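Structural overview
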Number of protein chains: 4
Amino acid sequence: MISVGIIGGSGYIGKKLIQFCNSHPFVDAISVYAATTINKALHQIFPELQNQISNLIILDSNELSYSHDLYFTALPHGESLKYIPELIDKKKTVIDLSSDFRLNRLEDYTKWYKISHSFPSLLKNKVYGLADLFNNNEYKYNLIANPGCYPTAVLLSLIPIVKYLSDDILSISTVAYSGTSGAGKSANTDLLLSEMYGNVRAYNVNSHRHQPEIEQMLFSFGSKFPFSFTTHLLPISVGIYSTSVIHLHKEISQESINQIYNDTYAGSYFVRLRETPPNLNWVINTNFCDINVAVKKKVIVITTAIDNLIKGAAGQAIQNMNKFFNWEERLGIINSGVIDVQVH
Amino acid sequence: MISVGIIGGSGYIGKKLIQFCNSHPFVDAISVYAATTINKALHQIFPELQNQISNLIILDSNELSYSHDLYFTALPHGESLKYIPELIDKKKTVIDLSSDFRLNRLEDYTKWYKISHSFPSLLKNKVYGLADLFNNNEYKYNLIANPGCYPTAVLLSLIPIVKYLSDDILSISTVAYSGTSGAGKSANTDLLLSEMYGNVRAYNVNSHRHQPEIEQMLFSFGSKFPFSFTTHLLPISVGIYSTSVIHLHKEISQESINQIYNDTYAGSYFVRLRETPPNLNWVINTNFCDINVAVKKKVIVITTAIDNLIKGAAGQAIQNMNKFFNWEERLGIINSGVIDVQVH
Amino acid sequence: MISVGIIGGSGYIGKKLIQFCNSHPFVDAISVYAATTINKALHQIFPELQNQISNLIILDSNELSYSHDLYFTALPHGESLKYIPELIDKKKTVIDLSSDFRLNRLEDYTKWYKISHSFPSLLKNKVYGLADLFNNNEYKYNLIANPGCYPTAVLLSLIPIVKYLSDDILSISTVAYSGTSGAGKSANTDLLLSEMYGNVRAYNVNSHRHQPEIEQMLFSFGSKFPFSFTTHLLPISVGIYSTSVIHLHKEISQESINQIYNDTYAGSYFVRLRETPPNLNWVINTNFCDINVAVKKKVIVITTAIDNLIKGAAGQAIQNMNKFFNWEERLGIINSGVIDVQVH
Amino acid sequence: MISVGIIGGSGYIGKKLIQFCNSHPFVDAISVYAATTINKALHQIFPELQNQISNLIILDSNELSYSHDLYFTALPHGESLKYIPELIDKKKTVIDLSSDFRLNRLEDYTKWYKISHSFPSLLKNKVYGLADLFNNNEYKYNLIANPGCYPTAVLLSLIPIVKYLSDDILSISTVAYSGTSGAGKSANTDLLLSEMYGNVRAYNVNSHRHQPEIEQMLFSFGSKFPFSFTTHLLPISVGIYSTSVIHLHKEISQESINQIYNDTYAGSYFVRLRETPPNLNWVINTNFCDINVAVKKKVIVITTAIDNLIKGAAGQAIQNMNKFFNWEERLGIINSGVIDVQVH
C-alpha cells in the first residue's frame, strides 16, 4: 500500500488521476494539492464526483507534505520544475505529466519551451514512460516523464515500423486531430463552444512542441527519413485521432507488416491492433490505444485512436506507476470484473 | 453467485447490461441472446469491448436456455411478451426493460401501445422497479418492470412533492429533453448526424407513451392536478434533462420543500440533491439522478438529469437486481474504490 | 438611401448587422464603431468576411460621428445608455439591441439590472420593436428597443392566446433552451466546448432578466394567470427552442386555436405556423419564427424556434428599420431571388 | 435568361442547387425532377424553404421535359448515365454532379466504380469543371463534370505546387476530413448521431474513389512523385478540411511558394489565400476555398477548407454555369450587396 500526492489536482487530468487512484487497490491514501482552489472540497470543483469520492479537501501546493510515497505532478511546463528536484532529492517517486522532463537534451528544451531548465541533470536520469513499449525492468529511475498525448499515439503507431523498416522509409507524414480538452480548462475565447461548434482548424503548424519529443524517440529507434507532424483541433471534447502516412522505397506485404506489429504488441494489453481503422469512440474513457496498419504497394497508412486524458495522460501515468512498482499494469485503470477476479 | 441471461443484448442498453454484469461480484455467468447477430463474438458487435470482456458468443434467442437464475429482457415492447410468461412460469426472476409490464391496467396498455397483451394477469403481479423510492422488501414479485427513461427522471423529481403537497398544486408541466440514443440504433434518417447536428425538436407532443406510465404513479401518490409532459430530442447522444414547473395555490418556503426532498432521499445513494440546477455532464456514465428544487413564491422549478441508458435503463435494472436479492444496491454499477472497500 | 452607424460591431450580433446592412438596397454607407478593436480591418476580426465586405475599418466608439441617419447599438446593458440620449437629442433614429430601454418602468429596470438608469424618460418614448406584431404606423418614436432573444420567441408564441383567451388560462409554463452564442463571445470557462460538449444545464432559474420583459408585454395583452419562465443552455452555438405549456380551465378545439393564430399572423411573412413541432434547423440563418400550437383537451403546447442572433437580434433589428422607414420588411434580410424580383 | 432543370432535387445538394438557381438573376424558370418524392411540394421535403421558394412541385424524372436550356444532374453514379446522353444529343447543356464523367479513361471508371459505362465517348468530350483554375474559354463542351468534394479541396491546394515544383517533390500525403453530409441522406446506422457523436474514423483507406480523380489531374499537371490520400469522417454535418504534407528534395522559401499561389489565384474571387491555417467555419455556407501554405525547410503543409455541399458541389456547379455562359462567376452564389451593386 502506498500514499499518493497529486500536485495540480483541479484540472481535467488531475481529476482523472484522483479517480484512478481512488479505485486503485494498492493506494490507501490520496492528498490533492493545488494553487488556486485551496481548502475547497473536491466535489465543489468537480460536482460530478459527489458521493463517489470521500470528502477530500484540496491542500495548498505551497505547503506540500513530503510524507507520500509517490507524487503525480499535473502542472503546466515550468511549474513541475518547482517541485520535482526536491522530491527527487527526498527519494520520492515522481511521475511528471508536464513536459519538463520529456526531452533528453537541454538545448531542445530551451529552444522549444523558451525557458531555462533549472535541473538539467535530471533530463538524463529519468524514464520516458511510454508504458506499452517498455518492460518493468526499464523503470530504473524514480523520475518518470509521462509522454505527451500526441507522442503517445504517434510513437505507439510508428516505433515498430521505424525499428524494423527504417531503411525502407521514404517519408512519414503524421496528421493528428485532438479534442479541445487537450488545451485544458483555460479561458480562451477561441475554445468557446460558440467558436468551435462545427469547426476544425490546424494549429502550431510546423511548430508543435510535441514534435521534438516524437523525433527524439524515433531517432533513438533508427529514423533516417524526413518526418512531419501536423496538429488540428476537433469540435469535440475528448480524444486524439492520428493518421500517419508512410511512403516506402519498395513494396511491402500486409502480412509482413502485421507480423511486426503483432510481435511488438503481443504482450501488451492496452494496445489493440485492429483490422479496420479504429473509431475514436472505441477508446474514449479507456486506457486503450487502437491501431490499424493498412498497406497498399508502397504506402502504409496507420490510423490510431486514444483518449487524450487517459492513455495520453492520467491512465498512462497510473500504468507507469504500476510498472514502476511491478504491479499488474491494469490496476486502477480497468474497472471490469475480469481484472477484479484476477487481482483479489 | 447467480447466472444471468440477457435477451436482446446487441443494442445500446444490452451492451450496458453486459458490462455491468461482467463487473458484478455476485454474477458468475452471463449468456447473451439476440435475434439477428447470432454466433458473432461480442467484440464484433461492440469493438470497444475487445480485451475487456471475455470472448462471449451471442446465442440464438429462439433457443433460450432456462438454466439461468435471472433474465434481463432488453427488447422492444411486444417482444418481451414472447419470453416472459414462460420464464415466470419456470420460477425465474425477470427484469423487463421493455414497456410491456409497466402499466397496471390492461386498457391503458391497449390504448397506448395498440397491441393486445397476451398475459394481462402479470400486469398486477409485478414490481414497478423505481429503485430509489422502494425498499428491498417491496420486491415481492419475481417480475420487475424496469421504468422507462423519462419516467425515471420525472417520477424521482415529482413524487416527493406530489406525496406531501398534492392539495397545494395548481398544475404541473414537465418539459424533457433526451439524447438520440433513447431511440435505439435504428436506421431512421431523421436521426442521422447530418439531420440532427445543431438541431432540436419536440416530438410526440401530447402523445408520448411514457405519459400514462408517469401519470399512473403520480395518481397512486395522490395527484389531483392537471399534468402535462412534453418530450424533445437533443443533438447529443446520451442523457435526459427534465424540467418540471409546478404552479402552487399558495407560497411555500425553500426550507420546507428542501425538508421533503431531504427526507425522501436521505438513504438514497443514487439520488443527489443539488443546490444549483445540475449539469447533464455530471451524471453521464453514472447511475446517479441529480435533482435541484428551486422555489420562488408560488412557483417550483425542478431540474433533473440522468443518463438515459444507465439510470434510465441498464443501471437501474442492475440496481433492481441488487435490491431483489438484498445485495448492496451499488454492486456492479459503481466502479470506484469506495464501494470496493466496503464490499470485499 | 441612408447612412448607418453600428456601435458595438465586433460581437456576434454586430457581425450580423454589418452583413445585413451590406446587402440592404437602401443602405449606402456603413460605419462600424467599437471600443477594443479600433483601426482593425473588419476581416481581421471576422476572417470569414474577407472578400465579402469591402475593407471596412473599425472606428473608435469614443469618437462617434453624428453624420449617420440611423444607429444600431449592439452593446451590453448600461453601455447603450452612454450613447443613446445624445443620439436621440440630435434627432437620430436609434435601434437599441441592449436591454436598456426594453422595460417600461424605471423600478423594473433598477430591480432587475441593478444599475440606475440615466435617462428614464426615454423608457416611455420608445417603440418596443416586436416587429411581427406591430404595424408600421406604430413606429412613432425614433428610439426602438429591439426585443430580447427569448422574449421574441416567447411573445410571438403567447400573445395571440393571451389576447383572446386570457380568462380561460389556468397557468403558463415556458421552458426555453438556447445555444451558447446567446452569452456572447466572453472568456467564460463554463462556455468552453470542453465543458459544454454533450452538456445541458438550466440557468438563472426564476431569475432571468428576460422574464420581466415578457411579463410586461403579456400583462399589456391582458394576462391574469401565473406565468413561469425557465432557461437552459444547449450544447450548440445558435438557436432558441421554446416550449410553452398552457393549462386551461376548459377544453378548447384545435380549430378555434388555429383560427386565432392564423388571424394574428395572416400578414406576417416571418412567422410560419407549422402543423408539426418545428425543427430548430428550419430557422437557423433566417429571420423566421416557426410556431406549432398543439391542443389536447385542456392543455395547449406551443413549440417555437428562432435563430437567436437573427430573429432574436440583428434580423429583427433590420426588420424594425424597414418598418420604421415604411420599407418592405424583408429588405436586407432575405437574400433569395423571390424578394429581389419583387423589389428591384 | 435561361430555364433550368434539376434532376435529383430532393437530396442535400439538390436543395442547394434550387436555392442558388432561385436567387440567380439570369435563371427565370426552375423545374425539379426526382424519382421518389414526385408531386410533393418542395416545402414538404424541405420545410425550411417554406415562404422562401415559391410553391414548386417535384416532377417525375421518368417524364423529363426537354424544354430547359440547362440541366443539373445531382444523382448517384450510374444514375446520371441514364439521362445525360440523350440531353447531350438534344444539344442541352449539362452540369453533372455525379462521378459518371469525371474520369477521363474508361478503364479507370470501370475499375473504381465496378459498373460498365454506357457512353464512354463522352468521357473525352467534357469539361472537368474545376472552376477556379479554368478560364471561361476552356468551357468548350456542353457537358461539364462537376468535381468531387474532396478533389475540389485537394486539387485547388496542390495544382499550383505540382505545376511549378514537381521535380522538387519527394512525396505528398493528403489527409482529409469530411462532415457526414458528404454521405448523403441515407439510412445508414453508422451515420446516426448516436454513433457519430464525439466520434472520428478513417474510411476507405487506400481505396477512396476520389483518389483516381485527384491523381488524373495531378498527373496532367506533371506529377512524378508518390501521392497518398486518406479520408475521415468528422462528427459534424458540413465541411471538408484537407491537410497536405509535401516533403521536398530541397528547401524552398515561404516567399517563393507564396509567389506561386498568389500568381495562380490572382484573379480568383473564391480562393482566399490565408496567412494562418483556415478555420472550417470561415467557409461554411459559402463557395469560398480557403488555403494556407506553410513552409519550413523541406516540408510544406497546406491546409484547406471548403463547404462540401457548396464549393464541393452545388456552389461550384453554379459557378461552372456562370463560366459556361460567360456570366460573372459570383451570380447566384454570393448574396451580399457587393455583388448586387455590381450586377444590377
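Residues numbered from 1 in each chain as written. Chains lettered and ligands numbered in written order. Predicted model: local features only at pLDDT ≥ 70, side-chain atom pairs only at ≥ 80, totals over all residues. Heavy atoms only, no water.

A few points about the pattern of salt bridges
Here is the rule we go by: The working definition used for a salt bridge is a side-chain nitrogen of Lys or Arg within 4 Å of a carboxyl oxygen of Asp or Glu. Each residue is assigned to one of three classes by its accessible area relative to the maximum for its type, calculated with a 1.4 Å probe on protein chains only: buried under 20%, partly exposed between the two thresholds, exposed over 50%.
Summed over all chains, the structure comprises 53 salt bridges over all chains. One salt bridge in this structure joins B:K90 and B:E86, with 3.9 Å as the shortest N-O distance. Note on B:K90: relative accessible area 38%, which makes it partly exposed. Here B:E86 falls in the partly exposed class, since its relative accessible area comes to 40%. In this structure, B:R105 and B:E107 form a salt bridge, with 3.6 Å as the shortest nitrogen-oxygen distance. Given a relative accessible area of 47%, B:E107 falls into the partly exposed group. Salt bridges sharing common partners tie together A:R105, A:E107 and A:D108.

A look at the packing of aromatic side chains
As a reminder, the rule being used: Two rings from Phe, Tyr or Trp (for Trp, the six-membered ring) form a pair when their centres are within 6.5 Å of each other. A pair whose planes differ by under 30 degrees is stacked, one over 60 is edge-to-face, and the rest are tilted. Secondary structure elements are defined from DSSP: runs of H or I of at least 4 residues count as helices, runs of E of at least 2 residues count as strands, and each element is numbered from the N terminus.
Following the criterion strictly, the structure yields 36 aromatic pairs over all chains and no others. For the ring pair A:Y177 and D:Y177, a centre distance of 3.6 Å and an interplane angle of 25 degrees mean the geometry is stacked. Taken as a pair, A:Y177 in strand β8 (residues 169-178) and D:Y177 in strand β8 (residues 169-178) lie in two separate chains rather than in one. The exposure classification of A:Y177 matches that of D:Y177, with both residues buried.

Quick word on the relation of the copies chain C and chain B
We apply this condition: When the copies are overlaid, the least-squares fit takes in C-alpha atoms only where the residue has pLDDT of at least 70 in both copies. Working rule for contacts: check all heavy atoms of both residues, and any pair within 4.5 Å makes them a contact.
If you rotate chain C by 180 degrees and push it 0.0 Å along the axis, it lands on chain B with an RMSD of 0.0 Å. The two molecules are tied by a two-fold rotation axis, judged by turn and shift. A share of 100% of the interface residues of chain C reappears at the interface of chain B, consistent with the copies meeting face to face through the same patch.

Here we look at the interface of chain C and chain B
Rules: Here the buried area means the combined drop in accessible surface, using a 1.4 Å probe, for two parts upon being joined, counting both sides. Identification of polar contacts relies on pairs of N or O atoms within 3.5 Å, with a donor-acceptor requirement for protein atoms, meaning one able to donate a hydrogen and the other able to accept it, and with residues adjacent in sequence counted only if both atoms are side-chain atoms.
Facing the 39 residues of chain C at the interface are 39 residues of chain B. Here chain C packs against chain B, burying approximately 3100 Å² in sum over the two surfaces, 61% of which is carbon and sulfur. Counting the contacts that link chain C with chain B gives zero salt bridges. Scanning the region where chain C abuts chain B turns up 23 residue pairs in polar contact (both at pLDDT 80 or more). For the side of chain C that touches chain B, the secondary structure elements donating two or more residues are β8 (169-178), β9 (201-203), β10 (227-233), β11 (240-248), β13 (289-296) and β14 (299-306) of chain C.

As for the interface of chain A and chain D
To keep it simple, the criterion reads: Throughout, the ten residues Ala, Val, Leu, Ile, Met, Phe, Trp, Tyr, Cys and Pro are labelled nonpolar, Asp, Glu, Lys and Arg are labelled charged, and all others, Gly among them, are labelled polar.
Counting residues at the interface gives 39 residues for chain A, matched by 39 residues for chain D. Of the roughly 3100 Å² buried between chain A and chain D, counting both surfaces, carbon and sulfur atoms make up 61%. Between chain A and chain D we count zero salt bridges in total. Between chain A and chain D we count 23 residue pairs in polar contact (both at pLDDT 80 or more) in total. Contributions of two or more residues to the side of chain A that touches chain D are made by β8, β9 (201-203), β10 (227-233), β11 (240-248), β13 (289-296) and β14 (299-306) of chain A. Sorting elements by how many residues they give to the side of chain A that touches chain D places β8(A) first, with six residues. In the side of chain A that touches chain D, the residues fall into 23 nonpolar, 13 polar and three charged.

Observations regarding the nonpolar core
For clarity, the cut-off: Take the buried Ala, Val, Leu, Ile, Met, Phe, Trp, Tyr and Cys residues and link them wherever side-chain atoms come within 4.5 Å; each set so joined is a nonpolar core.
Counting 407 residues, the largest nonpolar core has A:F72, B:F72, C:F72 and D:F72 as the members making the most contacts within it. Ignoring sequence-local partners within four residues, the contact set of D:F72 consists of D:V4, D:G5, D:I6, D:I7, D:L17, D:C21, D:I95, D:L97, D:A317, D:I318 and D:M321.

Describing helix α7 (residues 210-220) of chain B
Residue and element names in this part refer to chain B. Counting buried residues in α7 gives eight out of eleven residues, a clear majority hidden from the surface. For α7, the set of buried residues is H210, Q211, P212, E213, I214, Q216, M217 and L218. One or two steps after α7, the chain reaches G222, where phi turns positive at roughly 110 degrees.

Quick look at the domain arrangement of chain A
Residue and element names in this part refer to chain A. Under the convention used in this document: Note that the domain bounds reflect an automated or database-derived domain assignment.
We note that the domain assignment places domain 1 (2-148 + 310-324) and domain 2 (150-306) within chain A. Distance from the C-alpha centre of domain 1 to the C-alpha centre of domain 2: 24 Å. Facing the 22 residues of domain 1 at the interface are 28 residues of domain 2. Counting each side, the surface lost to burial between domain 1 and domain 2 is near 2200 Å², with a carbon and sulfur contribution of 63%. On the surface where domain 1 and domain 2 come into contact, there are one salt bridge. E213 is paired through a salt bridge with R102; the nearest N and O atoms lie 3.4 Å apart.

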